[in-house]
Amino acid sequence: MFADPGTVAAVGAALYVAHQVGDHWVQTQRQADHKGNPGWYGRWQCAAHVATYTATAVVALAALAAVTGWRPGLWPTVAGLTVSAVTHYVADRRAPLMRLAALMRKSRAWLERGGGMYALDQSWHVGWLWVSALVIAA
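Each value, and the rule that gives it
- Residues numbered from 1 in each chain as written.
- Predicted model: local features only at pLDDT ≥ 70, side-chain atom pairs only at ≥ 80, totals over all residues.
- Heavy atoms only, no water.
- Helix = DSSP H or I, 4+ residues; strand = E, 2+ residues; numbered from the N terminus.
- Expected span 1.5 Å × (residues − 1).
- Phe/Tyr/Trp six-rings, centres within 6.5 Å; stacked < 30°, edge-to-face > 60°.
- Lys NZ or Arg CZ within 6 Å of the ring centre and 35° of its normal.
- Buried < 20%, exposed > 50% of the residue type's maximum accessible area, 1.4 Å probe, protein only.
- Contact = heavy atoms within 4.5 Å.
- Axes fitted to C-alpha atoms, helices over the stretch in contact; angles between N-to-C directions.
- Parallel < 35°, antiparallel > 145°, perpendicular 65-115°, else oblique.
- Nonpolar A, V, L, I, M, F, W, Y, C, P; charged D, E, K, R; others polar.
- Left-handed = near helix turned anticlockwise from the far one by under 90°.
- Patch = residues over 30% accessible without salt bridge, like charges linked within 9 Å, V, L, I, M, F, W, Y side chains within 5 Å.
- Areas by Shrake-Rupley, 256 points an atom, 1.4 Å probe, with all protein chains shown as cover.
- Salt bridge = Lys/Arg side-chain N within 4 Å of Asp/Glu carboxyl O.

## Some words on helix H3 (residues 39-68)
Thinking step 1. Across its 30 residues, H3 extends 43 Å between first and last C-alpha, which sits within 8% of the 44 Å expected from 1.5 Å per residue.
Thinking step 2. In the stretch just after H3, Gly69 is the one whose phi turns positive, near 85 degrees.

So, in structure tokens, the structure goes:
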């Protein structure tokens, strides 16, 4: 089944806006400070962040549907939001992204002091949001 390019673009835009709001405004300071910590506390803070982040995406998609009349399918939406949530959790636990950065030979100084970790984190999220938009719009 093919998705309408306009629908893919609208869903992608809604998810991107939700990402910006959910990752920077909705996330609590406690979640931001501890989501990468080892152990259950860090995992809990990351899961709590991903839950509110995903809820923000649901609100954005609901607003898109309300304003445009678009009717998303339940299972593609669940699948797309699951892709977003799981990949967001993986990146925000920090260690997996650091391992990937090391494999890509990224400079430790750039990662830690040059904004590199933030850039890699955000580009990871946005890349997976595009995949999520394709799944949801399909």
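## Considerations on the packing of aromatic side chains
Thinking step 1. Under the defined criterion, the tally for this structure stands at one aromatic pair.
Thinking step 2. Positioned over the ring face of Trp40 is Arg43, at 4.2 Å from the centre of the ring.

## Structural notes on the side chain of Thr54
Thinking step 1. Tracing the backbone shows Thr54 in helix H3.
Thinking step 2. A relative accessible area of 18% places Thr54 in the buried class.
Thinking step 3. Dropping the residues within four chain positions of it, Thr54 is found in contact with Leu81 and Ala85.

## Some details on helix H7 (residues 116-137)
Thinking step 1. Along its 22 residues, H7 runs 31 Å from first to last C-alpha, staying within 8% of the 32 Å computed at 1.5 Å per residue.
Thinking step 2. Among all positions of H7, only Gly116, Met117, Leu120, Asp121, Gln122, His125, Leu129, Ser132, Ala133, Ile136 and Ala137 are buried.
Thinking step 3. Each element contacted by the buried residues of H7 is listed here: helix H1 (5-26), H3, helix H4 (74-92), helix H5 (95-103) and helix H6 (108-113).

## Observations concerning the packing of H5 against H7
The geometry of a pair of packed helices is captured by two quantities: the angle between their axes and the separation between those axes.
Thinking step 1. The interhelical angle for the contact between H5 and H7, taken along N-to-C directions, is 105 degrees, at an axis separation of 11 Å. Of the possible angle classes, the one that applies to H5 and H7 is roughly perpendicular. Between H5 and H7, the contacting residues are Leu97, Met98, Leu100 and Ala101 on the first element and Met117, Leu120, Asp121 and Trp124 on the second.
Thinking step 2. The residue inventory of the contact of H5 with H7, partitioned by class, reads seven nonpolar, no polar and one charged.

## As for the packing of H1 against H3
Thinking step 1. Viewed as axis vectors pointing N to C, H1 and H3 meet at an angle of 140 degrees, and their least axial separation amounts to 8 Å. The handedness of the crossing between H1 and H3 comes out as right-handed. Judged by residue contacts, Ala10, Val11, Ala14, Leu15, Ala18, His19, Val21, Gly22, Asp23 and Val26 of H1 engage His49, Thr52, Tyr53, Thr56, Ala57, Ala60, Leu61 and Leu64 from H3.

## Details of a nonpolar patch on the surface
Thinking step 1. Together, Val17, Val21, Trp25 and Val26 make up an exposed nonpolar region whose accessible area comes to about 410 Å².
Thinking step 2. On the basis of relative accessible area, Val26 is assigned to the partly exposed category, the value being 33%.

## Focus on the pattern of salt bridges
Thinking step 1. Taken as a whole and judged by the stated rule, the model has four salt bridges.
Thinking step 2. Close ionic contact of Asp92 with Lys35 constitutes a salt bridge, the shortest N to O distance being 3.1 Å. With a gap of 57 residues between them, Asp92 in helix H4 and Lys35 in the loop between helix H2 (29-34) and H3 connect regions that are remote in the sequence.
Thinking step 3. Asp92 gets classed as buried once you look at its relative accessible area, which sits at 0%.
Thinking step 4. When the shortest N-O distance is used, the salt bridge between Asp92 and Arg94 registers 3.7 Å.
Thinking step 5. Under the relative-accessibility criterion, Arg94 is labelled partly exposed at 29%.

## Observations regarding unusual backbone geometry
Thinking step 1. Positive phi, normally seen in glycine, also occurs at Arg94, with a value near 75 degrees.
Thinking step 2. Within the chain, Arg105 stands out as a residue other than glycine whose phi angle is a positive 60 degrees.
Thinking step 3. Relative to the helices and strands, Arg105 resides in the loop between H5 and H6.
Thinking step 4. Residue classification places Arg105 among the exposed residues on the basis of a relative accessible area of 76%.

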